[in-house]
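This is what each chain is made of:
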Amino acid sequence: MKYRPYLFIAIAVSFAGCTGNNKPVDLTAQAKEHVNKYQFASVAEKALSSSARLPGQLIPFNEVNIFPKVNGFVKELFVDRGSIVKKGQLLVILEAPEMESQLEAANSQYIQAQADAQASKEKYDRLKEAAKEPGSVSPLDLDNASSQMKAGEAKAQAQRSNVEAVRTMLGYLRIYAPFDGMIIQRNVSPGALVAPGKTGDQPILVLQDIHKMRLTVSIPEDYVDKVDLNQPVSFTFNAMPGESQTAKISRSANSLGSMQQEAIEIDVQNKNGQLKPGMYAEVRIPMLSGAKSLLVPNGAIIRSTEREYIIKDSSGKADIVNIKEGLVGNDSTEVFGNLKANDKILLHASDEVKQGDDLQQ
């Protein structure tokens, strides 16, 4: 009789174990989980009218590096960085003593040539007057006098041109503003020796016209034939969020650059001076696709550093299709790739799905 309690305990433990192993399983929940594991959508085909959001950058409407046309020393400098200047305003005066000496020498030569020409003319006039008496002057002497007179006049004219050339060179010692704008760089001080520059040399001054700016946007090759040049574009500068502006496209390059992009420009008035060259903007370019496009939901596109792709359902198996994005709408994106209308694709896909995976499980 002393072993009965242990027998009851063993029976109870065995009953509890059997009860745990026969717990009912919720097959409905598992079926629901299986059904909801993947969601699918279809590739649509229709004309897409939308806009593309592209980065843009402000550049000055005009910009010039100012170099002297002749060698000289900076005598006076009338502007500095930030100076507002008007077209024709005197900016810099250079000095070159050797050029003043050249002008004096040229003037002396011109005066001497004038005197020689005047003497030759007077001699010719005398001989011509004397030739009125038959036999007093030979025709050869008269012709020689005429030739000397013409040579003297030509020499005087040449010396006069030389004087004007030296004066023009002296005029280059005074540097004027070519247009209205602002000086953004001043790279010399009085006394500095300056010379005509070439590409890569440091200019005396840099002048920018910032009353009107150019907003430049690079259009990718896939978009160039879809830009609607007649519609206004909207843009917002990163430095001034929330302040949207609109304007029309002013000009386009009509050519693809080294990055296979076409540059367009939008003229922007800088009325209050808040805009600065170099500012970045987000530009919404109106686009219109002339032909029908293949569209997929935005959530169906998987993006990685190497590629962009979607997952197509091919007879229940995952088929990874590389794509290239086109125009982007609010809920769908134009795509280019090995797809056709009504193809079944995986919605809310991820890179966890691999090529050949079973999409029906």
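Residues numbered from 1 in each chain as written. Predicted model: local features only at pLDDT ≥ 70, side-chain atom pairs only at ≥ 80, totals over all residues. Heavy atoms only, no water.

Draft legend 1. Representation of the sheet that holds strand β4 (residues 72–77). On the basis of which strands lie adjacent, the open sheet formed by four strands has the order β7-β6-β4-β9 and antiparallel pairing. Each edge of the open sheet carries a strand with a single partner, namely β7 (174–176) and β9 (193–194). Inspection of the sheet shows β4 paired to β9 by two bridges, in the antiparallel sense. Within β9, the position partnered with G72 by the bridge is V194. (Pairing = 2+ DSSP bridges. Helix = DSSP H or I, 4+ residues; strand = E, 2+ residues; numbered from the N terminus.)

Draft legend 2. How the structure looks around the packing of helix α3 (residues 97–130) against helix α4 (residues 139–171). The geometry of α3 relative to α4 is characterised by a closest axis approach of 8 Å and an angle of 160° between their N-to-C directions. Between α3 and α4, the angle is such that the two are roughly antiparallel. In this structure, α3 meets α4 at a crossing whose hand is left-handed. A class-by-class count of the residues in the contact of α3 with α4 yields 16 nonpolar, 10 polar and nine charged. (Axes fitted to C-alpha atoms, helices over the stretch in contact; angles between N-to-C directions. Parallel < 35°, antiparallel > 145°, perpendicular 65-115°, else oblique. Left-handed = near helix turned anticlockwise from the far one by under 90°. Nonpolar A, V, L, I, M, F, W, Y, C, P; charged D, E, K, R; others polar.)

Draft legend 3. Here's a closer look at the packing of aromatic side chains. For the structure shown, the criterion picks out one aromatic pair. When the centroid spacing of 5.7 Å and the interplanar angle of 75° are considered together, the rings of F235 and F237 count as edge-to-face. The exposure class assigned to F235 is buried, which follows from its relative accessible area of 2%. For F237, a relative accessible area of 1% translates into the label buried. Note that K212 overlies the ring of F61, its terminal NZ or CZ placed 4.2 Å from the centroid. Geometry around F61 places R214 over its ring, the cationic atom sitting 4.1 Å from the centre. (Phe/Tyr/Trp six-rings, centres within 6.5 Å; stacked < 30°, edge-to-face > 60°. Buried < 20%, exposed > 50% of the residue type's maximum accessible area, 1.4 Å probe, protein only. Lys NZ or Arg CZ within 6 Å of the ring centre and 35° of its normal.)

Draft legend 4. Focus on α4. The terminal C-alpha atoms of α4 lie 48 Å apart, and with 33 residues this matches the ideal 48 Å at 1.5 Å per residue to within 8%. Among all positions in α4, only A145, S146, M149, G152, A156, Q159, V163, V166 and L170 are buried. Those residues of α4 that are buried are in contact with α3 and β7. (Expected span 1.5 Å × (residues − 1). Contact = heavy atoms within 4.5 Å.)

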